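Fold and geometry: a report
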Amino acid sequence: MSQFFSIHAENPQARLIKQAVDIIRKGGVVVYPTDSCYAIGCKLDSKDALERIKRIRQLDDKHHFTLVCSDLSQIGTYAKVDNRVYRILKATTPGSYTFILEASKEVPRRVWHPKKSTIGLRVPDHPIALAMLEELGEPILSSTLILPGDEEAMTDAWEIRDRLEHDVDLVIEGGYCGIEPTTVVDLSSESAELLREGKGSLAPLGL
């Protein structure tokens, strides 16, 4: 049975944030709110938790997982960032964007895209997610919570608990996050490529 925390969306309770992060550190799978949809995530180096997420979402090895980071400098640790990419990241983070970048050696190869050696990265604009990241001290390996057979991300934490109470270790209720996913931009080559238009505005990207 999964645990269920209701955390204040604007002033997250430090005690609950610490308990949530302890679950992640111990290899747990957690559903948590972001600025665009609920996400399902785990510790970056937890192979078993990653496999659980793949089973829950029925994902193959070609799926681009995302490292949800606390800030721009953390992105620079886990991805290769040149001056061009840095300017784009600085203009759009935190926010509802996911960027595909070449992974650094800090990222386990099992979560790289098998052909491109890339990984998704983002900095969410959401107090609960940011509080968890600050407490954890490293990115949360994540994916949008879209279950097999569903076309849109789940938005109701109580429904999420009902459907996943035997599959995840914790569901965090943090209010309504919306159903619009992040805007996804591939910055791994010389020119930016829009892969998905979502919640993040295209204006700062020049696309």
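Since this is a predicted model, take the numbers as computed values, not measurements.

Here we come to the overall build of the protein chain. Regarding its fold elements, the protein chain presents 6 helices and 10 strands. A globule of 207 residues ought to have a C-alpha radius of gyration of about 17 Å, and the protein chain, at 16 Å, matches this closely. Once the C-alpha set of the protein chain is aligned to its principal axes, its extents read approximately 45 × 35 × 35 Å. A burial count over the protein chain gives 52% of its 207 residues as buried.

Taken as a whole, this structure holds 10 salt bridges when the rule is applied. Asp169 is the partner of Arg52 in a salt bridge, and the nearest nitrogen-oxygen pair spans 2.9 Å. With Arg52 in helix H2 (residues 47-57) and Asp169 in the loop between helix H6 (157-164) and strand E8 (170-173), this residue pair connects regions lying 117 residues apart in the sequence. In this structure, Arg163 engages Asp150 in a salt bridge whose closest nitrogen and oxygen atoms are separated by 3.0 Å. Within this pair, whereas Arg163 is found in helix H6, its partner Asp150 is found in the loop between strand E7 (140-144) and H6, the two being separated by 13 residues in sequence. The exposure class assigned to Arg163 is partly exposed, which follows from its relative accessible area of 38%. Several salt bridges share partner residues, and in doing so they unite Lys18, Asp22 and Arg25 into one network.

This part takes up the environment of Val30. Among the structural elements, Val30 can be located in strand E2 (residues 30-33). Classification of Val30 as buried rests on a relative accessible area of 1%. C-alpha of Val30 to C-alpha of Leu101: the two residues are 71 residues apart in sequence and 25 Å apart in space. For Val30, the residues in contact, after removing those within four places along its chain, are Ala20, Ile23, Ile24, Ala39, Ile40, Gly41, Met132, Leu170 and Ile172.

Attention now moves to the packing of aromatic side chains. In this description, an aromatic ring pair is defined by two values, namely the gap between the centres and the angle between the planes. In this structure the tally under the stated criterion is 2 aromatic pairs. Between the aromatic rings of Tyr97 and Phe99, the centroid separation amounts to 6.0 Å while the plane-to-plane angle is 10 degrees, which identifies the pairing as stacked. Each member of the pair Tyr97 and Phe99 is classed as buried. For Arg161, the ring lying beneath its charged end belongs to Phe4, and the centroid distance is 4.4 Å.

Residues of H6 that are buried: Ala157, Ile160 and Leu164. Seen along its axis, H6 keeps its buried residues to an arc of 50 degrees; they face one direction. Buried-residue contacts for H6 involve strand E1 (3-6), E2, strand E3 (38-43), H2 and E8. Capping the start of H6 is the job of one residue whose side-chain oxygen sits 2.9 Å from the backbone nitrogen of Trp158: Asp156.

Bringing the sheet that holds E7 into the picture now. Strand order in this open sheet of 10 strands is E1-E8-E2-E3-E7-E4-E6-E5-E9-E10, and the pairing throughout is mixed. Two strands in the sheet have a free side with no partner beyond their single neighbour: E1 and strand E10 (193-196). Across the sheet, the axes of successive neighbouring strands diverge by a mean angle of 30 degrees, strand direction being ignored. Where strand E9 (residues 183-186) meets E10, 3 bridges bridge the pair, whose relative direction is antiparallel. When the bridges of E10 are listed, Val185 appears paired with Leu194. The strands touched by helix H5 (residues 127-136) within the sheet are E2, strand E4 (66-68), E7 and E8, with E2 carrying the most contacts at an inclination of about 130 degrees.

Moving on: H2. Listing the buried residues of H2 in full gives Ala49, Leu50, Ile53, Lys54, Ile56 and Arg57. Seen end-on, H2 carries its buried residues on one side only, within an arc spanning 165 degrees. Exposed side chains of H2 directed beyond 90 degrees from the buried face belong to Lys47, Asp48 and Arg55. Phi turns positive, to about 55 degrees, at Gln58, one or two residues after H2.

The rules behind the values
Residues numbered from 1 in each chain as written. Predicted model: local features only at pLDDT ≥ 70, side-chain atom pairs only at ≥ 80, totals over all residues. Heavy atoms only, no water. Helix = DSSP H or I, 4+ residues; strand = E, 2+ residues; numbered from the N terminus. Rg over C-alpha atoms; globule rule 2.2 N^0.38 Å. Buried < 20%, exposed > 50% of the residue type's maximum accessible area, 1.4 Å probe, protein only. Salt bridge = Lys/Arg side-chain N within 4 Å of Asp/Glu carboxyl O. Contact = heavy atoms within 4.5 Å. Phe/Tyr/Trp six-rings, centres within 6.5 Å; stacked < 30°, edge-to-face > 60°. Lys NZ or Arg CZ within 6 Å of the ring centre and 35° of its normal. Arc of directions from axis to C-beta. Polar contact = N/O pair within 3.5 Å; in protein donor to acceptor, adjacent residues only side chain to side chain. Pairing = 2+ DSSP bridges. Axes fitted to C-alpha atoms, helices over the stretch in contact; angles between N-to-C directions.

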